[in-house]
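Topology and contacts: notes
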Amino acid sequence: MAEHGKTAHSRKAAARKTASKSTRKTTVKKASSARRKSSPRKASAKRWSQRVTKESDALDLRHGVFKLTNPKKIAASLKRSAERSSRRKTGAYRSALSMLTFYINRAGRTLPKTQRDRLQRAKTELKRQFGRGE
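Residues numbered from 1 in each chain as written. Predicted model: local features only at pLDDT ≥ 70, side-chain atom pairs only at ≥ 80, totals over all residues. Heavy atoms only, no water.

What follows is about the overall build of the protein. Across its full length, the protein carries 5 helices and 0 strands. Written out in order from the N terminus, the α and β elements of the protein read α-α-α-α-α. When each of the 134 residues of the protein is scored for burial, the buried share is 23%. Restricting to contacts in the protein with at least 6 residues of sequence separation, those with at least 24 account for 62%. In the form shown here, the protein has an accessible surface area of approximately 10200 Å², with 53% of it arising from carbon and sulfur atoms. (Helix = DSSP H or I, 4+ residues; strand = E, 2+ residues; numbered from the N terminus. Buried < 20%, exposed > 50% of the residue type's maximum accessible area, 1.4 Å probe, protein only. Contact = heavy atoms within 4.5 Å. Areas by Shrake-Rupley, 256 points an atom, 1.4 Å probe, with all protein chains shown as cover.)

Okay, here's the thing in structure tokens:
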């Protein structure tokens, strides 16, 4: 009888071990899949503004327009792009100003002060070129 109790006990222990192994495998799979899910979110978050610039109905901008050194040239390029664009939904002035503001806001703190000031002057120049105030 003692052997019978021992055998039943060992079967229960074996069943627990098997159950814990399958639970562990499931846990490991869940953890690894959770890790995989978080990575693409970070990658897509980094490229969000790039995707918006390429795919939105905004403007077809000249490459490097925001790196120009003269605010008048930046404003003129934005105006030209806005007037020629077939992708915009609003007026040319509003689209050009929106793209300039979008660039400034997305750059955030990484935008050097000199370039930020130059882009702010380009905003004023853009208003002047479109005949709106100032």
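On we go.
Under the defined criterion, the tally for this structure stands at 2 salt bridges. Of the charged contacts, one joins Asp 117 and Lys 113 as a salt bridge, the two residues approaching to 3.1 Å between their closest N and O atoms. You can see Asp 117 and its partner Lys 113 sitting in helix 5 (residues 113-129), 4 residues apart, about one turn around the helix. Residue classification places Lys 113 among the exposed residues on the basis of a relative accessible area of 62%. Its salt-bridge partner being Arg 128, residue Glu 125 comes within 2.5 Å of it at the nearest N-O pair. (Salt bridge = Lys/Arg side-chain N within 4 Å of Asp/Glu carboxyl O.)

Moving on, we get to the nonpolar core. If you look at the biggest cluster of nonpolar residues, it comprises 19 residues, and the most contacted ones within it are Leu 78, Leu 100, Leu 119 and Leu 126. In contact with Leu 119, not counting residues within four places along its chain, are Phe 66, Ile 74, Leu 100, Tyr 103, Ile 104 and Leu 111. (Core = buried A, V, L, I, M, F, W, Y, C linked by side-chain atoms within 4.5 Å.)

With that out of the way, let us pick up the packing of helix 3 (residues 71-84) against helix 5. Running from amino to carboxyl end, helix 3 crosses helix 5 at an angle of 55 degrees, the nearest separation of the two axes being 8 Å. Relative to helix 5, the element helix 3 lies oblique. In terms of crossing hand, the pair formed by helix 3 and helix 5 is right-handed. Here Pro 71, Lys 72, Ile 74, Ala 75, Ala 76, Leu 78 and Lys 79 of helix 3 lie close against helix 5, whose contacting residues are Arg 118, Leu 119, Arg 121, Ala 122, Glu 125, Leu 126 and Gln 129. Across the contact of helix 3 with helix 5, the residue classes tally to 8 nonpolar, 1 polar and 5 charged. (Axes fitted to C-alpha atoms, helices over the stretch in contact; angles between N-to-C directions. Parallel < 35°, antiparallel > 145°, perpendicular 65-115°, else oblique. Left-handed = near helix turned anticlockwise from the far one by under 90°. Nonpolar A, V, L, I, M, F, W, Y, C, P; charged D, E, K, R; others polar.)

The next subject is helix 4 (residues 92-107). Between its first and last C-alpha, helix 4 extends 23 Å over 16 residues, near the 22 Å set by a 1.5 Å rise per residue. Two residues or fewer past helix 4, Gly 108 is found with a positive phi of approximately 60 degrees. (Expected span 1.5 Å × (residues − 1).)

Within the secondary structure, Thr 110 is located in the loop between helix 4 and helix 5. Assessed through its relative accessible area of 70%, Thr 110 is described here as exposed.

With that settled, the discussion passes to helix 5. Helix length check: helix 5 (17 residues) gives 24 Å between terminal C-alpha atoms against 24 Å at 1.5 Å per residue, within 8%. Following helix 5 by one or two positions, Gly 131 adopts a phi angle in the positive range, close to 70 degrees.

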